[in-house]
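Residue-level structure breakdown
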Amino acid sequence: CVQEAALGTHLRLRLPNSMHCLSYAGGIRTLKEEGCDPTDERQMWLYDASTLVFRHAAHPTGCLDFFVAHDSFGVWTCRQLHDVNSQQQFLFDEENDRFCLVSDRSKCVQEATSPLLY
């Protein structure tokens, strides 16, 4: 699949120190934490290394975003390449094995693909 080659493999995300996965139910809203389910498409994300954003696998026009007013992660419409918002951009922190916001390195998510979570 061309999209998978450009964006990477499907993965689930969780907040650091959480055993629950971030789940997206559609629309522009904050995310819920639910038990990780490897078959639940609401929990699937794709990391776009070229723009540093996480796109929702089932809704690729929706990107992981940090809602400052709610102090919570949510989904917002993905910005165009030249207009990407730092509230949607994540860099991998190899030392701590997590992806953190470019604008605030204390706001992070981690992969939740380990079979140990299920």
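Heads up: the structure comes first, above all this text.
Computed from a predicted structure; not experimentally measured.

A few words on the pattern of salt bridges. Throughout the structure, instances matching the rule amount to 5 salt bridges. For Arg42, the salt bridge is made with Asp40, and the minimal N-O distance between the two is 2.8 Å. Residue classification places Arg42 among the partly exposed residues on the basis of a relative accessible area of 32%. The class for Asp40 is buried, based on a relative accessible area of 12%. Here Arg55 makes a salt bridge to Asp48, at a shortest N to O gap of 3.9 Å. In this structure, a network of salt bridges that share partners links the residues Glu34, Asp40 and Arg42.

This brings us to the packing of aromatic side chains. Two numbers describe a pair of aromatic rings. These are the distance of the centres and the angle of the planes. Taken as a whole and judged by the stated rule, the model has 8 aromatic pairs. Ring geometry for Phe66 versus Phe73: centroids 5.1 Å apart, planes at 75°, classification edge-to-face. Each member of the pair Phe66 and Phe73 is classed as buried. Taken together, the aromatic side chains of Tyr47, Phe54, Phe66, Phe73, Phe90, Phe92 and Phe99 make up a single cluster linked through ring pairs.

The rules behind the values
- Residues numbered from 1 in each chain as written.
- Predicted model: local features only at pLDDT ≥ 70, side-chain atom pairs only at ≥ 80, totals over all residues.
- Heavy atoms only, no water.
- Salt bridge = Lys/Arg side-chain N within 4 Å of Asp/Glu carboxyl O.
- Buried < 20%, exposed > 50% of the residue type's maximum accessible area, 1.4 Å probe, protein only.
- Phe/Tyr/Trp six-rings, centres within 6.5 Å; stacked < 30°, edge-to-face > 60°.

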